[in-house]
Amino acid sequence: MTPDLDPNTDLSFTRALAVPRHIPHFFVPAPHKVTSVDIDLRVGGRFNTTFEVEGKAMDNRGVYLEVVPGEKLVFTDAYTEGWKPAPEPFMTAILLLADAPGGGTTYTAIARHRSPETRKAHEAMGFFDGWGTVATQLEAYARGLAA
């Protein structure tokens with residue numbers, strides 16, 4: 001079930017993927033790369049990643065707020081492990097996975113922001129294209145695993 005969205009502060013992206021939904025993999029849009037992952041997949045556990053974007057390292061520190069295996073992940077950068085508040089939080093992400101009609105997976109990504117300005121900045125950064133590319137890469141990766 002998709003949470004109620006606030007058009008002033010939330011962005012949402014949904015796509016049907018022609019692969020099963022139980023795929024534990026995370027991407028950033030190519031040509032950017034994930035160079036480090038440190039995950040403790042439980043409520044309150046860390047969700048720390050480092051991305052390489054245009055030659056620069058971007059550290060992302062966060063914490064899981066909700067984990068429903070195979071169905072839902074909610075994480076935020078508003079806190080880090082141990083519920084330590086972050087100085088400049090950006091968003092809370094909600095990833096929903098469900099069986100798609102006719103097979104495959106319905107993938108929904110929701111990014112909740114603290115203000116309309118932050119939401120607009122994320123949209124301008126390429127939210128829809130970026131998360132769309134990630135979904136395409138995830139689908140290609142999953143198909144490769146199934147082969």
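Our structure's up above, just so we're on the same page.
Residues numbered from 1 in each chain as written. Predicted model: local features only at pLDDT ≥ 70, side-chain atom pairs only at ≥ 80, totals over all residues. Heavy atoms only, no water.

## What to know about the sheet that holds strand 2 (residues 33–39)
Then, number 1: Taken in spatial order, the three strands of this open sheet run 2-3-4, and their pairing is antiparallel. Each edge of the open sheet is held by one strand with a lone partner, namely strand 2 and strand 4 (56–60). Adjacent strand axes in the sheet meet at a mean angle of 15 degrees when their direction is disregarded.
Then, number 2: With six bridges joining them, strand 2 and strand 3 (residues 47–53) adopt antiparallel strand pairing. Paired with Val37 across the two strands is Thr49, which belongs to strand 3. (Pairing = 2+ DSSP bridges. Helix = DSSP H or I, 4+ residues; strand = E, 2+ residues; numbered from the N terminus. Axes fitted to C-alpha atoms, helices over the stretch in contact; angles between N-to-C directions.)

## Some details on the nonpolar core
Then, number 1: Of all hydrophobic cores here, the largest spans 17 residues; its most connected members are Phe13, Phe75, Leu95, Tyr107, Phe127 and Trp131.
Then, number 2: The set of elements that each furnish at least two residues to this core consists of strand 1 (10–17), strand 9 (91–99), strand 10 (105–113) and helix 2 (127–146).
Then, number 3: When residues of this core are assigned to their parent elements, the largest contribution, five residues, is made by helix 2.
Then, number 4: The contact partners of Phe127, leaving out residues within four places of it in the chain, are Leu11, Ser12, Phe13, Ala109, Ala111, His122 and Gly132. (Core = buried A, V, L, I, M, F, W, Y, C linked by side-chain atoms within 4.5 Å. Buried < 20%, exposed > 50% of the residue type's maximum accessible area, 1.4 Å probe, protein only. Contact = heavy atoms within 4.5 Å.)

## Here we look at helix 1 (residues 116–124)
Along an α-helix, a turn takes 3.6 residues, which lines up residues three or four apart on a common side.
Then, number 1: Restricting attention to buried positions, one finds in helix 1 the residues Thr118, Arg119 and His122. Seen from one end, helix 1 has its buried residues packed into an arc of 100 degrees, which puts them on one side. Along helix 1, the residues that are exposed and aim more than 90 degrees away from the buried face are Glu117, Lys120 and Ala124.
Then, number 2: In this structure, the buried side of helix 1 is in contact with strand 1, strand 9, strand 10 and helix 2.
Then, number 3: A positive phi of about 110 degrees marks Gly126, the residue just after helix 1. (Arc of directions from axis to C-beta.)

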